[in-house]
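Descriptive analysis of the structure
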Amino acid sequence: MASSSTEELPAQETPEAECPIYEEMIYLDKADQNQRLAVEELIKTEASYVHTIELCVFDIRVHLQQKQLPELDLEGLFSNIDDVLHVSKRFLKGLEATVSQEPQQLLLISALFQEFKEEMESVYKVYCASYEQALLLVESYKKDPRLQQEIVETLNATVPHTGASDLSFFLVMPVQRVTKYLLLVRKILENTSTNDKAYSALQSAAGAMLEINANINEYKRRKEVATKYNKAEPLTLRERLARLNKHSIAKKTARLSRLFMHEAGIMPKTEDKEFDHLEEKFQSLASGVTELKENVASYLSNLQVFLLSKPHECELEIQEGAAQQYRHLAGTLHRTIFPEFRRRLEQLVYQPLCSLSDTLKGPQHLIRKRLDKLLDYEEIQEKRSETGSVTYDEEAAMNTYLAINTLLVAELPTFNQVAIQWLGQILRSLVALQRDLAEQVLQEAQKELAQLRHSHVPLPTFWKMVKDTLSQSGAQLRSFCQKFETVMPSPVVQPLSPAEERRVLSLVNKHGPDKLYQVTSNVSGSKDLDLTLQRGQIVALLHGMDTKGNANRWLVDAGGPRGYVLAGKLQPYHLVQNQTPSMQTLAPDTVADRRRHSYTLPEMPSPHVHITPPSFQVVAGYAFTARSSQEVSLQAGQPLTVLEPHDKKGSPEWSLVEANGQRGYVPSSYLMMVPTQEPGWVLPAWSLPTQQT
C-alpha cells in the first residue's frame, strides 16, 4: 500500500507541473492560427476588392459610356479609379507571391506595404478628396428619374448579383479599403510574438499605413479650405455692401495697413522663396495666356472683317488676263479656304485658350486669398509673441494660411507644368494651322499662275517684265497723283465742338501739345484700370508703360478719367495754329487720315467755317439708289449740299445731304469736292469714276 501510494505521487504532480506549459502551447497555437487567418483575410479581401473595382471600371463605367448621356459626369463620378485599380492589382500580385514563401511571408508582406506606401498615398488621396463631390453627383442624379433609371438599368445589366441600387455602393470601396489596410496589419501584429523577427517590420508597416491615412485626411482638409476660398462669387455692389460690417472693415483696414508698411519697408515681409518662385512662374504663364487669347480674338475678328470684303464679286472692266485669274483665286479663298481656316482656328486654338484661361482663374484667386491670410497670420504671430496666447479663431486663421500655402507649394509645380504643356499644344496647333493655310493658298495660286501667259517664261525674262511693268505703273501713278493734286485741294478736319475744344485745350495746358494722341479705333477696356474710348477721341500720354513694365500698355489722361490703353490704338496728334490766336484745331498726323473724307473743306482762317465755301462744291462721285425713305438717290456728278457729315449715331460712314430739294442720307464715300468752274478754268479731261455696286 505504501509503495503504491508512493508511486502515485509523481503521477499526481506531473499534470500540475506541465499545466502552464500546456496552456502556453495552446495559446501559441491559437495565436499562430489567428495570425494565419489574418494574413489569409488580407489576401482574400484584397482579391475581392480588386475584382469589384474591375467590375466598376470595365463593366459599369463602360456600359454608362455606351449610353452617351451628356448629363452624366463620368470623370467626376469615378475620378482616378483607373490609377487605384492599377496600384491595387500590382499590390495583390505581390501579396499572392508571398503565399509560397511561408517562413518569410510576414517580412515580405511588411516590405510590400513599405514599397507601395508612396503610390498608395498619391492615388488614394486624390480619390478620397473627390469622393464627396462624387456623392453629390449621385444624389443629384437620384433627383432626375430618367438618369436614375438609366443607372439602375446599368447596375442590373452588369452586376445583378450585388443588388446595388446606386453607384455609391461601389464608389465608397476605395475609401473603405485604404482605412482597412491599417486594421488588417494591426490584426496580424496582435497575433505575432514580440520575439518574432517580423514583429518590428510589421510595426513599421502599420506605421506606414497610419501615416498614409493621416496624410490623406490632411490633404482633404487642405482641399476643402482651398475649395472654400476658391469660389469667386459674382456679387453685385449691393451684395458686397451688405457683407460689410465692423469686423470685416477692421480686418481689411489692418491688412491694407500692413501691406503698405511692407511696400514702404517699414515692416519686414515673411519670405517664402519657394512659393515666390512658383508664383512668379505662374503669373508669367497667366499673363502670356491672357495676351495670346486677346491676340487670337483680335485675329479672328479681323479675319471675319476680311471675309466680309468680297473682291471676287466686284465687276471688273478687264474681261481677261491676270485680273480674271486673281478673281477666281480670291473667290476660292473667300468661299472655302479662309472660312475653314477660321473655323479650325476657333475650334483648335481659341476655345482651348479660353478653357486654359478659365482654369487659371482658380489658382489666381487662391493666390490672392493666400496674401490676405498671410497678412492675418503675421498679425496673429506678433500677438502671440507679445501675449503668449491666441484665441481659437485666431489659431484657425493661422491654420488656414498654412493649409493654403502648403497646398499651393505642393500643387503649383504640377499645375504650372501641365499648363505649359497645354499652352505648348495650343501653339503647335496654331503653327500647324498657319502652315496648312500657306500650303493651301500656295497650291491654289500655283493652279491659277499656270494659266498665265508668262508662267513658262524664263526667270531672267520674267524679272525684266516685272521691273518694266512696275516702272510703267509707277510713272502712271505719279502722273495721276499730280493731276489729282491739281484738282483736289488738301482737306482739313472739321472744327471741334465747343465742349471737345475746351477738353483738348485743358489737356494741352496740363501736359503740353506734344503729349496729344488720337484713338484710331474703338477701345473697350478688358483689364483693371483700362479705359473705354471712342474712335477719334483725343487723350494725353502720361507714361509709356504700365506698372509691370509693359511698353505696349500706356497710361493716358482722357480729360477726366485716367487709365491704360494699348499703344497700338494711339497715333500722335499735332495742334495747327490758325490765324485767330485764341482758336486751335487738331489735324491728323497721317495723309491717309487727312483724306478720310474726300469732300472735307479746304483750310480756312478760322475753324468755325461753313461746310460749303463759295469756291468749292460737293458733288456725287458715283450714282446711288435710295433703298429706304431715309435715303436720297443721286446721279454721278450731281451737285448737293452736305447738312451733316455723319448719321444720327455720329457715324461718319453716312452723311445727311440735300439734293434737288430732297433730304436724306448717302454713303460718305460716294461724295467728293471739286472746285466750281470760273472763267478761264476747265475741268481735266478724264471721265467720272465707274459706278460702284
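Conventions and cut-offs
- Residues numbered from 1 in each chain as written.
- Predicted model: local features only at pLDDT ≥ 70, side-chain atom pairs only at ≥ 80, totals over all residues.
- Heavy atoms only, no water.
- Helix = DSSP H or I, 4+ residues; strand = E, 2+ residues; numbered from the N terminus.
- Buried < 20%, exposed > 50% of the residue type's maximum accessible area, 1.4 Å probe, protein only.
- Contact = heavy atoms within 4.5 Å.
- Areas by Shrake-Rupley, 256 points an atom, 1.4 Å probe, with all protein chains shown as cover.
- Phe/Tyr/Trp six-rings, centres within 6.5 Å; stacked < 30°, edge-to-face > 60°.
- Lys NZ or Arg CZ within 6 Å of the ring centre and 35° of its normal.
- Axes fitted to C-alpha atoms, helices over the stretch in contact; angles between N-to-C directions.
- Parallel < 35°, antiparallel > 145°, perpendicular 65-115°, else oblique.
- Left-handed = near helix turned anticlockwise from the far one by under 90°.
- Patch = residues over 30% accessible without salt bridge, like charges linked within 9 Å, V, L, I, M, F, W, Y side chains within 5 Å.
- Salt bridge = Lys/Arg side-chain N within 4 Å of Asp/Glu carboxyl O.
- Pairing = 2+ DSSP bridges.
- Expected span 1.5 Å × (residues − 1).
- Bend = angle between axes of the 7 residues up to and from the residue.
- Nonpolar A, V, L, I, M, F, W, Y, C, P; charged D, E, K, R; others polar.
- Arc of directions from axis to C-beta.
- pLDDT = per-residue confidence, 0-100.

It is worth spelling out the overall build of the protein chain at this point. Looking only at helices and strands, the protein chain has 17 helices and 12 strands in total. Taking all 693 residues of the protein chain together, 36% fall into the buried category. Sequence-distant contacts, at least 24 apart, represent 66% of the contacts inside the protein chain between residues at least 6 apart. Of the roughly 42200 Å² that the protein chain leaves accessible, carbon and sulfur atoms contribute 55%.

To describe a pair of aromatic rings, you give the distance between the ring centres and the angle between the ring planes. All chains considered together, the criterion is met by 13 aromatic pairs. Between phenylalanine 91 and phenylalanine 116 the ring centres are 5.4 Å apart and the planes differ by 75°, which places this aromatic pair in the edge-to-face class. A residue pair is termed long-range when its members are at least 10 positions apart, and phenylalanine 91 in helix α3 (residues 81-97) and phenylalanine 116 in the loop between α4 (105-115) and α5 (117-142) qualify at 25 residues. Each member of the pair, phenylalanine 91 as well as phenylalanine 116, is classed as buried. Cluster of aromatic residues (ring-pair linked, three or more members): Phe91, Phe113, Phe116 and Tyr181. The ring of tyrosine 219 carries the charged tip of lysine 125 above its face, separated from the ring centre by 4.9 Å.

Where α3 meets α5, the closest approach of the two axes is 9 Å, and the angle between their N-to-C directions is 150°. Taken as axis vectors, α3 and α5 run roughly antiparallel relative to one another. Considering only the axes of α3 and α5, their crossing is left-handed. Residues Ile81, Asp83, Val84, Val87, Ser88, Arg90 and Phe91 of α3 form the contact with α5, whose participating residues are Glu119, Met120, Val123, Tyr124 and Tyr127.

To continue, consider a nonpolar patch on the surface. Together, Leu241, Leu244 and Ile249 line one region of the surface with nonpolar side chains, adding up to about 270 Å² of accessible area. In this structure, leucine 241 sits in helix α10 (residues 237-242).

Before going further, it helps to examine the pairing of strand β1 (residues 516-519). Burial along β1 is two-sided: Leu516 and Gln518 and Tyr517 and Val519, pointing in opposite directions, are all buried. By the bridge criterion, 3 bridges tie β1 to strand β5 (residues 570-572) in an arrangement that is antiparallel. Following the sheet pairing, tyrosine 517 is matched in β5 by proline 572.

This part is about the environment of cysteine 314. Examined against the element boundaries, cysteine 314 turns out to sit in the loop between α12 (273-308) and α13 (322-387). Here cysteine 314 falls in the partly exposed class, since its relative accessible area comes to 39%. Linking cysteine 314 and arginine 327, residues 13 residues apart in sequence, is a C-alpha distance of 8.8 Å.

Relative to the assigned elements, threonine 52 resides in helix α1 (residues 2-67). With residues up to four places along the chain from it excluded, the contact list for threonine 52 reads Phe170 and Met173.

For serine 79, which is not glycine, the phi torsion reads 50° and is therefore positive. With respect to the helices and strands, the residue serine 79 is situated in the loop between α2 (74-78) and α3. Despite not being glycine, asparagine 660 has its phi angle at roughly 55°, a positive value. By the element assignment, asparagine 660 lies in the loop between β10 (654-659) and β11 (662-667).

Once that is clear, we can look at the sheet that holds strand β3 (residues 553-557). Strand order across the open sheet formed by 5 strands is β4-β3-β2-β1-β5, with antiparallel pairing between neighbours. The strands lining the two open edges of the sheet, one partner per strand, are β4 (562-566) and β5. Pairwise comparison of adjacent strand axes, ignoring direction, gives a mean angle of 50° for this sheet. Packed onto the sheet, helix α16 (residues 498-511) meets β1, β2 (538-543), β3 and β4 and runs at close to 20° relative to β2.

Attention shifts here to helix α14 (residues 392-449). In this model α14 runs 82 Å from its N-terminal to its C-terminal C-alpha over 58 residues, within 8% of the 86 Å that 1.5 Å per residue would give. Glutamate 411 marks the point of greatest bend in α14, at about 40°, and the proline proline 413 comes within the next four residues.

It is worth spelling out the pattern of salt bridges at this point. For the structure shown, the criterion picks out 32 salt bridges. In this structure, the salt-bridge partner of lysine 89 is glutamate 54, at a minimum N-O distance of 3.8 Å. Here glutamate 54 lies in helix α1 and lysine 89 lies in helix α3, a separation of 35 residues in the sequence. The exposure class assigned to lysine 89 is partly exposed, which follows from its relative accessible area of 40%. Take glutamate 54: its relative accessible area is 25%, and that puts it in the partly exposed class. In this structure, aspartate 546 and arginine 553 form a salt bridge, with 3.4 Å as the shortest nitrogen-oxygen distance. Taken individually, aspartate 546 and arginine 553 each receive the classification buried, so the pair is uniform in this respect. When salt bridges with common partners are traced through the structure, they connect Lys67, Glu150 and Glu153 into a single cluster.

Time to look at the pairing of β10. Across 3 bridges, strand β9 (residues 639-644) lies against β10 in antiparallel orientation. Of the residues in β10, the one forming a bridge with valine 642 is valine 657. In this sheet, β11 lies alongside β10 in antiparallel orientation, the contact comprising 6 bridges. Looking at β11, one finds that serine 655 is bridged to valine 666. Hairpin connection between β10 and β11: a loop of 2 residues separates the two successive antiparallel strands, and asparagine 660 in this loop has a positive phi of roughly 55°.

Our next topic: the environment of valine 409. Assignment of secondary structure puts valine 409 in helix α14. Distance in space between the C-alpha atoms of valine 409 and aspartate 276 is 9.5 Å, their sequence separation being 133 residues. In contact with valine 409, other than residues within four places in its own chain, are Glu274, Phe275 and Leu278.

Packing of α12 against α13 leaves a shortest axis separation of 9 Å and a crossing angle of 150°. The pairing of α12 with α13 is recorded here as roughly antiparallel in orientation. As α12 runs across α13, the sense of the crossing is left-handed. Class assignment for the residues of the contact of α12 with α13 results in 24 nonpolar, 5 polar and 5 charged.

Quick look at α16 now. The periodicity of an α-helix, 3.6 residues per turn, causes residues three or four places apart in sequence to face the same way. For α16, with 14 residues, the first-to-last C-alpha span of 20 Å sits near the 20 Å given by 1.5 Å per residue. Looking at α16, one finds that the buried residues are Glu501, Arg503, Val504, Leu507, Val508 and His511. For α16, the angular spread of the buried residues around the axis is 165°, confining them to a single face. Turned more than 90 degrees off the buried face of α16, the exposed positions are Pro498, Arg502, Asn509 and Lys510. One or two residues past the end of α16 sits glycine 512, with phi positive at roughly 95°.

Confidence along the protein chain averages 80 in pLDDT terms, with 83% of residues attaining 70 or more. Low pLDDT (under 50) marks residues 1-19, which in the prediction has 0 contacts with non-local residues, meaning those over four places away or in another chain. Counting contacts from residues 677-693, a segment whose pLDDT is below 50, to residues more than four positions away or on other chains yields 17 contacts.

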